[in-house]
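# Descriptive structure summary
Residues per chain are reported as follows:
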Amino acid sequence: MALAEVTNLHKTFGNNVVLDGIDLQIDQGEIVVILGPSGSGKSTLLRCLNYLETPEQGTVTIAGHSVDARAANKKNIIALRRQTSFVFQNYALFKNKSALGNITEALTTVKGLPATQAEAIAMDILKSVGLEDRRDAWPSELSGGQQQRIGIGRAMALDAELMLFDEPTSALDPEKVHEVLDLMKQLALQKRTMIVVTHEIPFAREVADRIIFMDGGKIIEQGTPTQLLDNPQDERTQAFLRQVL
Ligand SMILES: Nc1ncnc2c1ncn2[C@@H]1O[C@H](COP(=O)(O)OP(=O)(O)OP(=O)(O)O)[C@@H](O)[C@H]1O
Ligand SMILES: [Mg+2]
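Residues numbered from 1 in each chain as written. Chains lettered and ligands numbered in written order. Predicted model: local features only at pLDDT ≥ 70, side-chain atom pairs only at ≥ 80, totals over all residues. Heavy atoms only, no water.

The subject of this paragraph is the domain arrangement of the chain. Domain assignment breaks the chain into domain 1 (1-83 + 164-245) and domain 2 (92-159). Distance from the C-alpha centre of domain 1 to the C-alpha centre of domain 2: 25 Å. In this assembly, 12 residues from domain 1 lie in contact with 12 residues from domain 2. Here domain 1 and domain 2 share an interface that buries about 940 Å² over both sides, 63% of which is from carbon and sulfur atoms. (Domains from an automatic or database assignment. Contact = heavy atoms within 4.5 Å. Buried area = accessible area lost by both parts, 1.4 Å probe.)

With that settled, consider the environment of Phe94. Tracing the chain through its elements places Phe94 in the loop between β6 (84-87) and α3 (99-110). Taking the C-alpha atoms as reference points, Phe94 and Gly130, separated by 36 residues in sequence, lie 19 Å from one another. Sequence-distant contacts of Phe94, defined by excluding residues within four places in its chain, comprise Asn102, Glu105, Pro139 and Arg154. (Helix = DSSP H or I, 4+ residues; strand = E, 2+ residues; numbered from the N terminus.)

Applying the stated criterion to the full structure yields 2 aromatic pairs. Aromatic side chains Phe86 and Phe88 sit 4.5 Å apart centroid to centroid with 35 degrees between the ring planes, which places their arrangement in the tilted category. We classify Phe88 as partly exposed; its relative accessible area is 27%. On the numbers, 5.3 Å between centres and 45 degrees between planes, the contact of Phe213 with Phe240 is tilted. Residue Phe213 is found in strand β9 (residues 210-215), and its partner Phe240 is found in helix α9 (residues 235-244); the two are separated by 27 residues along the sequence. No difference in accessibility class separates Phe213 from Phe240, as the two residues are buried. (Phe/Tyr/Trp six-rings, centres within 6.5 Å; stacked < 30°, edge-to-face > 60°. Buried < 20%, exposed > 50% of the residue type's maximum accessible area, 1.4 Å probe, protein only.)

Quick look at the structure:
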């Protein structure tokens, strides 16, 4: 059985149909990259998976926790959301918390761990993202790449079934991109289940098990990196790849 399943997901903003019937299954340990032009609905799809946005129609199931848009309530939304962690383009760190504090917070507030235990786990995570020497730094004292590694560390602390990444490197200076992608590769090697929206084609080729191409709120085609990048079938995929490659 799939770890995550999305059935007939629909989302509109006013008259703008942004997700137009998305069906998707993600296996445990699978790394899925989503590509698509600006405005195609990639961020909205990720945000509907954990109900940061509320779809009008469709069902999302992650690790056995299911929400049908037409019967969604706070309780089942919270249960679904706990199966996910989210890494944002702009890091979304707490500015008034230290590097360590940003990770500890996920453990105390979301997971309800006592402070000392949370801090011990957070220190281990700081080590694995290579920032133990910056534990007391404020986000404003860290580079973009370091801030995003804290953002990923916070997501790791949640230890959720499904990690969602929305263009995690697109706000970074080019020379900082690799440090974040390298960390994501480590997570991939640990067989974390991940959905990554990114324009980093070499990363997608190397790390993804499957690449999905979206346009106009629909999944246009999907396949292995070789299938999708080297032998795209749909002319919209071909046109998009001509622009980014
Ligand atoms: N909160 C919102 N209110 C109104 N319209 C929105 C909102 N969020 C997204 N949209 C619209 O939905 C469409 C899809 O947006 P979305 O952010 O999902 O695209 P995207 O594929 O992530 O694009 P990008 O590559 O630029 O990040 C766009 O037309 C956008 O203007
Ligand atoms: Mg987006």
